[in-house]
Amino acid sequence: MTEENKKRFPLWIYPETQQKVKELYGKDNCKSQSEFIEKAIIFYSGYVSSKDNTKFLPIAITSALAGIVENSENRMARLLFKLAVEMSMMMNILASNAEIDEALLQKLRGKCINDVKKTIGSVTFEEVVKYQKGK
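As a further point, take the packing of aromatic side chains. Summed over the entire model, instances satisfying the criterion amount to zero aromatic pairs. For the cation-ring pair, lysine 111 lies above tyrosine 131, with the distance from its terminal atom to the ring centre recorded as 3.9 Å.

Structure (structure tokens):
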């Protein structure tokens, strides 16, 4: 769309709506309120005609979901890193104070793998204490 083809026409809107346009057009990198309104009309037209054009909504939904998933993924990665650091610290402290032979360590690893599989990852400290004390 070029500037040459634009047409001027009267637009009647409520003052609250005009205030929203004034507040938001800069945030959308629009050079003018008219450009913002035109972009809004094009977007809404795509939404209304989405019954005929199924490409519009999937693109909008996909981009919104991609942002949500990316944020969640980054947060989970940071949390997993912090957890791995804490686990490494705990293992180093325990290893420095415990004398466990390699055979017992391998047997314990197998038991822990089975415990985690059975409980879908929700092994509690209380359960481990009971097992270690033979209860």
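In this section: the confidence of the model for the protein chain. The pLDDT averaged across the protein chain works out to 84; a share of 92% of its residues lies at or above 70. Per-element confidence in the protein chain is highest for helix H1 (residues 15-24), whose mean pLDDT is 93, and lowest for helix H5 (residues 125-132), whose mean pLDDT is 84.

Direction vectors running N to C along H1 and helix H2 (residues 33-48) enclose 105 degrees, while the axes themselves pass 9 Å from each other. Judged by the inter-axis angle, H1 sits roughly perpendicular to H2. Of the residues in H2, those in contact with Gln18, Val21, Lys22 and Leu24 of H1 are Gln33, Phe36 and Ile37. When the residues that make up the contact of H1 with H2 are grouped by side-chain class, the tally is four nonpolar, two polar and one charged.

Moving on to unusual backbone geometry. A positive phi angle is found at asparagine 29, which is not glycine, with a value near 60 degrees. Mapped onto the elements, asparagine 29 comes out in the loop between H1 and H2.

Time to look at a nonpolar patch on the surface. Residues Leu80, Leu83, Met87, Met90, Met91 and Leu94 make up a contiguous nonpolar surface patch of about 600 Å² in total accessible area. On the accessibility criterion, leucine 94 (53% relative accessible area) is exposed.

Criteria and thresholds
Residues numbered from 1 in each chain as written. Predicted model: local features only at pLDDT ≥ 70, side-chain atom pairs only at ≥ 80, totals over all residues. Heavy atoms only, no water. Phe/Tyr/Trp six-rings, centres within 6.5 Å; stacked < 30°, edge-to-face > 60°. Lys NZ or Arg CZ within 6 Å of the ring centre and 35° of its normal. pLDDT = per-residue confidence, 0-100. Helix = DSSP H or I, 4+ residues; strand = E, 2+ residues; numbered from the N terminus. Axes fitted to C-alpha atoms, helices over the stretch in contact; angles between N-to-C directions. Parallel < 35°, antiparallel > 145°, perpendicular 65-115°, else oblique. Contact = heavy atoms within 4.5 Å. Nonpolar A, V, L, I, M, F, W, Y, C, P; charged D, E, K, R; others polar. Patch = residues over 30% accessible without salt bridge, like charges linked within 9 Å, V, L, I, M, F, W, Y side chains within 5 Å. Areas by Shrake-Rupley, 256 points an atom, 1.4 Å probe, with all protein chains shown as cover. Salt bridge = Lys/Arg side-chain N within 4 Å of Asp/Glu carboxyl O. Buried < 20%, exposed > 50% of the residue type's maximum accessible area, 1.4 Å probe, protein only.

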